[in-house]
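Reading the structure
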Amino acid sequence: MFRLIWADESGLPADDRGAAYGDGLFETIRMEGQQGVLLSRHLERMVRDARRLGISVAHRDLARVCSEAVERLHARYRGGWVLKLVLTRGSGGRGYRPDSAMQPNLMVQSSPLPPTPGPEGVVVDFSRIPLTVNPLLAGIKSLGRLEQVMAAADITEPLFEVIMSDRDGHLVEGTRTNILLRHNDTWVTPPTASLAVAGVLRQWLLERLRYRGESVVERPVTTDDVLGRECQGLFLLNSVLGVVPVRTIAGHDLPVDSGLATIFNPLEILE
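Residues numbered from 1 in each chain as written. Predicted model: local features only at pLDDT ≥ 70, side-chain atom pairs only at ≥ 80, totals over all residues. Heavy atoms only, no water.

1. Side note on the sheet that holds strand β5 (residues 105-112)
Whether parallel or antiparallel, the strands of a sheet pair through hydrogen bonds between backbone atoms. Strand order in the open sheet formed by 5 strands is β1-β5-β4-β2-β3, with mixed pairing between adjacent strands. In this open sheet, the two edge strands, each paired with only one partner strand, are β1 (3-6) and β3 (35-36). Two elements, strand β2 (residues 24-32) and β3, share 2 bridges in a ladder whose sense is antiparallel. Following the sheet pairing, E32 is matched in β3 by Q35. Here helix α2 (residues 39-52) sits on the sheet in contact with β2, β3 and β4 (80-88), set at roughly 175° to β2. (Pairing = 2+ DSSP bridges. Helix = DSSP H or I, 4+ residues; strand = E, 2+ residues; numbered from the N terminus. Contact = heavy atoms within 4.5 Å. Axes fitted to C-alpha atoms, helices over the stretch in contact; angles between N-to-C directions.)

Structure follows, in structure tokens:
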């Protein structure tokens, strides 16, 4: 069991390993009133990835906390809001080596839902900051996000996002988004093993596209794929913001297609 911390009452202890070493992970969940978008998938990912880090947490306990958070917080917001769960290994003394007897800390935060971009698409650029993914940590929404922080510092008007590349120059993801490319009548996305964060919306959308009989491929994505003539659209995926089409990348105009909006409607997958 974890120690529960409400962010509006207190913060993490000074000796928390999440603050000291980034030893933990988090989830940000889009809420509409008293229900969450893909809520069960968020909780399942937290349980699964916490287990990968050697942190024990039960799905039923996280679900109970979410219910408490809804009762406690939803009246503060009209309509949409964001629920954030931060799970750390717990409090400990100096040194990297964790104590197996540590009790995890779970901090609960909330905030208003950010503005959602319109169907006309957004402006993005390629990031100058490379993204390095440790295979042992691939996909985990861990607390260590320094590369994303440095990349996001370059996001200035009119940019909405920057797309980061791995050491081989393949496009991997945005600072806060996964990417999905429509290329030569096929949906293309970078392999899960190459991602710093494997988003729950990304996985849900890939499953829906395959269910509809559409061609979906996970493979490395290059700048030529995005800037070439066979590009039929580039989309940013984020479970809070939804599916965001890109209209311009690095000054290059892209076709904007609203077709994915007919597949993903956050108000239809509330739990």
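2. Thoughts on the pattern of salt bridges
Applying the stated criterion to the full structure yields 17 salt bridges. In this structure, the salt-bridge partner of D8 is R76, at a minimum N-O distance of 2.5 Å. Remark: R76 occurs in the loop between α3 (59-73) and β4 and D8 occurs in the loop between β1 and α1 (17-21); sequence separation between them is 68 residues. Overall, R76 belongs to the partly exposed group, its relative accessible area being 48%. With a closest N to O distance of 2.8 Å, E68 and R64 form a salt bridge. One end of the pair is E68 and the other is R64, both in helix α3 and 4 residues apart, which spans about a single turn. You can call R64 partly exposed: its relative accessible area is 33%. (Salt bridge = Lys/Arg side-chain N within 4 Å of Asp/Glu carboxyl O. Buried < 20%, exposed > 50% of the residue type's maximum accessible area, 1.4 Å probe, protein only.)

3. Some remarks on helix α5 (residues 200-211)
In this model, α5 (12 residues) spans 17 Å end to end at C-alpha, consistent with the 16 Å of a helix rising 1.5 Å per residue. By the burial criterion, the buried members of α5 are V200, L201, R202, W204, L205, L206 and L209. Of the residues trailing α5, G213 is marked for its positive phi of about 85°. (Expected span 1.5 Å × (residues − 1).)

4. What to know about the environment of P190
On the secondary structure map, P190 appears in the loop between β10 (186-189) and α5. Note: C-alpha distance between P190 and L180 (10 residues apart in sequence) is 8.0 Å. With near-sequence residues (within four places) excluded, P190 lies in contact with L171, V172, I179, L195, R202, E218, R219 and V221.

5. Side note on the side chain of D16
The residue D16 is located in the loop between β1 and α1 in this model. No salt bridge forms around the buried D16; measuring N to O, its nearest opposite-charge neighbour R3 is 7.2 Å away. Engagement of the side chain of D16 in a polar contact is seen with the side chain of N105, the distance being 2.7 Å. (Lys, Arg positive; Asp, Glu negative; His and termini not counted. Polar contact = N/O pair within 3.5 Å; in protein donor to acceptor, adjacent residues only side chain to side chain.)

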